[in-house]
Amino acid sequence: MKITILGGGGFLGRKIADHLARTGALGGCAIRELTLFDIHAPAPLDAPFNVTCIGGDIAELPQAAIPPETDVIFHLAAVVSAAAEADYELGRRVNLRGNDALIDACRKLAKPPRVVFTSSVASFSGGQDAMLADDARQMPGNSYGAQKAAAELILSDASRRGFIDVVNIRLPTICIRPGAPNKAASSFVSSVVREPLLGLTTTLPVPESFKVWIASPAFATAWLLHAAAMDTSLLGTDRGLNPPGLCASVGDMLDAMERAMPGARALVQAAPDAVIANIVGTWPAAFAATRAPGLGFVRHTDLDALIAEFLANDLEPTRMMRGL
Ligand SMILES: NC(=O)c1ccc[n+]([C@@H]2O[C@H](COP(=O)([O-])OP(=O)(O)OC[C@H]3O[C@@H](n4cnc5c(N)ncnc54)[C@H](O)[C@@H]3O)[C@@H](O)[C@H]2O)c1
């Protein structure tokens, strides 16, 4: 099996690559070759199969990133929320034209590859009172969400035409993201627990009652891997899935953090930020997410498990990365 990860140097791309390197297989098939593509060539990966790392712009995707006989493509390359809102041209270039380039490259293959596309909770709106049904309309409240929703439509149509075989996974906000704060408007969702768990102070731009739709990196990775191997005939023409994440208030998250590390909550200071609040305030706080579990996507467990996952997997790498 040949696999490509677009955005293979990013947070989730690397998690998927590490998983593939550990297991050597996807959906019961042995991996022969993995191509990691990102704006800068991703760091080499130690794996029991051949790994090629390529740097470049997805809007001008080189065919080498999608070699002949590619079976599966994880399409994660993106300009994330606040960055796409701040730079409209860049967001359109990467989040829209990148998909066109991907489809064009796939059309040169003899067989349509499975494409797992990471769409987002941000492609919906509804705000704090929302509980969105599986067939809820995508009404994005920002450019990033609009670009994700548009990309889903274009990729689904390419799938209908037989150029690709797509599964669009609308990921919740991933929490706890290791490393340092980034340009995503949702960056605080991770910072508010990650920084205190590292012994650092942090600020909270929204009230503690603010609810978020979240998933841990392990759940997100498991969903994307499942989407890569699932029977897509079960999806029919509706290629978009809302995976079964977790709805939690920031206060609930801080309580779980405090249970794991007493005293950590004192490191969080309120600092209301209207720009951030306006972006994340449009995102729905909860989804019914009933279709995905019926298709084998595992429902998210509780916040204590989410904190424990970070402490076990990502605390020490984050310390090392940041020289703490
Ligand atoms: N992390 C989350 O909370 C979350 C939530 C919902 C959806 N998503 C989506 O999941 C995907 C992965 O998210 P992530 O958290 O790993 O993000 P990330 O920013 O760590 O990874 C995205 C990667 O895309 C690359 N990229 C950006 N512009 C590029 C270009 N022009 N050409 C090639 N590569 C380019 C970046 O260098 C980066 O490595 C993204 O598509 C994101 O929109 C993430």
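Residues numbered from 1 in each chain as written. Predicted model: local features only at pLDDT ≥ 70, side-chain atom pairs only at ≥ 80, totals over all residues.

**What to know about the overall build of the chain**
For clarity, the cut-off: Note on conventions: DSSP H or I runs of at least 4 residues are helices, E runs of at least 2 residues are strands, and numbering of each starts at the N terminus. What the globule rule says is 2.2 Å times the number of residues to the power 0.38, and the radius of gyration is computed from C-alpha atoms. By the convention adopted here, residues make contact when the C-beta atoms placed from their backbones lie within 7 Å.
Each helix and strand in the chain was counted, giving 11 helices and 14 strands. Since a compact globule built from 324 residues should have a radius of gyration of about 20 Å, the 19 Å found for the chain is in line with a globular shape. Referenced to the eigenvectors of the C-alpha coordinate spread, the extents of the chain come out at roughly 55 × 40 × 40 Å. Restricting to contacts in the chain with at least 6 residues of sequence separation, those with at least 24 account for 78%.

**Digging into the site of the ligand**
Selection criterion: Proximity of a residue to a molecule or strand is defined by its backbone-placed C-beta atom lying within 6 Å of that partner. In this classification, the charged set is Asp, Glu, Lys and Arg, the nonpolar set is Ala, Val, Leu, Ile, Met, Phe, Trp, Tyr, Cys and Pro, and all remaining amino acids, among them Gly, are polar.
Near the ligand you find 23 residues, and of these G7, G10, F11, A78 and T118 are the closest. Where the shell around the ligand is concerned, the elements lending two or more residues are α1 (11-23), β7 (114-120) and β9 (173-174). Take the shell around the ligand: its biggest share by element is 3 residues, from α1. Of the residues that constitute the shell around the ligand, the class distribution is 13 nonpolar, 8 polar and 2 charged.

**Here we look at the pairing of strand β11 (residues 211-215)**
The test is simple: Buried residues are those with 20 or more other C-beta atoms within 10 Å of their own C-beta, exposed residues have 12 or fewer, and partly exposed residues lie in between; C-beta atoms are placed from the backbone. Any two strands are treated as partners once DSSP identifies two or more bridges connecting them.
Burial runs high along β11: 5 of the 5 residues are buried. Taking every second residue as pointing to the same face, both faces of β11 are buried, with K211, W213 and A215 on one and V212 and I214 on the other. Taken together, the 2 bridges between β9 and β11 define a ladder with parallel strand orientation. Bridge pairing in β11 links T173 to I214.

**Description of the packing of α1 against helix α6 (residues 217-229)**
A pair of packed helices can be characterised by two numbers: the angle between their axes and the separation between those axes. We count it as follows: Between the N-to-C directions of two axes lies an angle of 0 to 180 degrees, each axis being a line fitted to C-alpha atoms and, for a helix, fitted only over the stretch in contact. Orientation categories follow fixed angle ranges, with anything under 35 degrees roughly parallel, anything over 145 roughly antiparallel, 65 to 115 roughly perpendicular, and all other angles oblique. By definition, turning the near helix anticlockwise from the far helix through less than a right angle yields a left-handed crossing, and turning it clockwise yields a right-handed one.
Close contact between α1 and α6 brings their axes to 10 Å; oriented N to C, the two are set at 70 degrees. In terms of axis orientation, α1 runs roughly perpendicular to α6. At the point where α1 passes α6, the crossing takes the right-handed sense. Contact residues: L12, K15, I16 and H19 in α1; P217, A220, T221, L224 and L225 in α6.

**Digging into the pairing of strand β8 (residues 165-171)**
Selection criterion: A right-handed crossover is one whose linking path, passing over the helix from the first strand to the second, runs clockwise when the strands point away from the viewer.
Summarising burial for β8: 7 of the 7 residues are buried, a large majority. Side chains D165, V167, I169 and L171 of β8 all project onto a buried face; the interleaved residues V166, N168 and R170 project onto the opposite face, where all are buried too. Across 7 bridges, the pairing between β7 and β8 is parallel. Looking at the pairing, R114 lines up with D165 of β8. Considered for its hand, the β-α-β crossover made up of β7, helix α4 (residues 143-160) and β8 is right-handed. Pairing analysis gives 2 bridges linking β8 to strand β12 (residues 240-241), with the strands arranged parallel. Within β12, the position partnered with I169 by the bridge is L241.

**As for helix α5 (residues 187-197)**
With respect to burial, α5 is a largely interior element, 10 of its 11 residues being buried. G199 sits one or two positions beyond α5 and adopts a positive phi of about 85 degrees.

**Some remarks on the sheet that holds β11**
The pairing of strands in a sheet happens through backbone hydrogen bonds and is either parallel or antiparallel. Taken in spatial order, the 3 strands line up as β9-β11-β13 in an open sheet, and their pairing is mixed. Each edge of the open sheet is held by one strand with a lone partner, namely β9 and β13 (246-249). Here 4 bridges tie β11 to β13, and the two strands are oriented antiparallel to one another. By the bridge assignment, K211 is partnered in β13 with S249.

**Considerations on the domain arrangement of the chain**
Put simply, the rule reads: Note that the domain bounds were set by an automatic or database domain assignment.
When cut into domains, the chain gives domain 1 (2-172 + 215-241) and domain 2 (187-212 + 246-283 + 301-321). In this structure, domain 1 and domain 2 have C-alpha centres spaced 26 Å apart. Facing 14 residues of domain 1, the contacting portion of domain 2 comprises 8 residues. Element by element, the count of residues in the side of domain 1 that touches domain 2 is highest for helix α2 (residues 81-86), at 3 residues. Residue classes in the side of domain 1 that touches domain 2 are distributed as 6 nonpolar, 7 polar and 1 charged.

**Considering the environment of G127**
Mapped onto the elements of the fold, G127 is located in the loop between β7 and α4. It is 28 Å that separates the C-alpha atoms of G127 and L235, two residues lying 108 residues apart in sequence. Those residues in contact with G127 that lie beyond four places of it in its chain are G281, T282 and P284.

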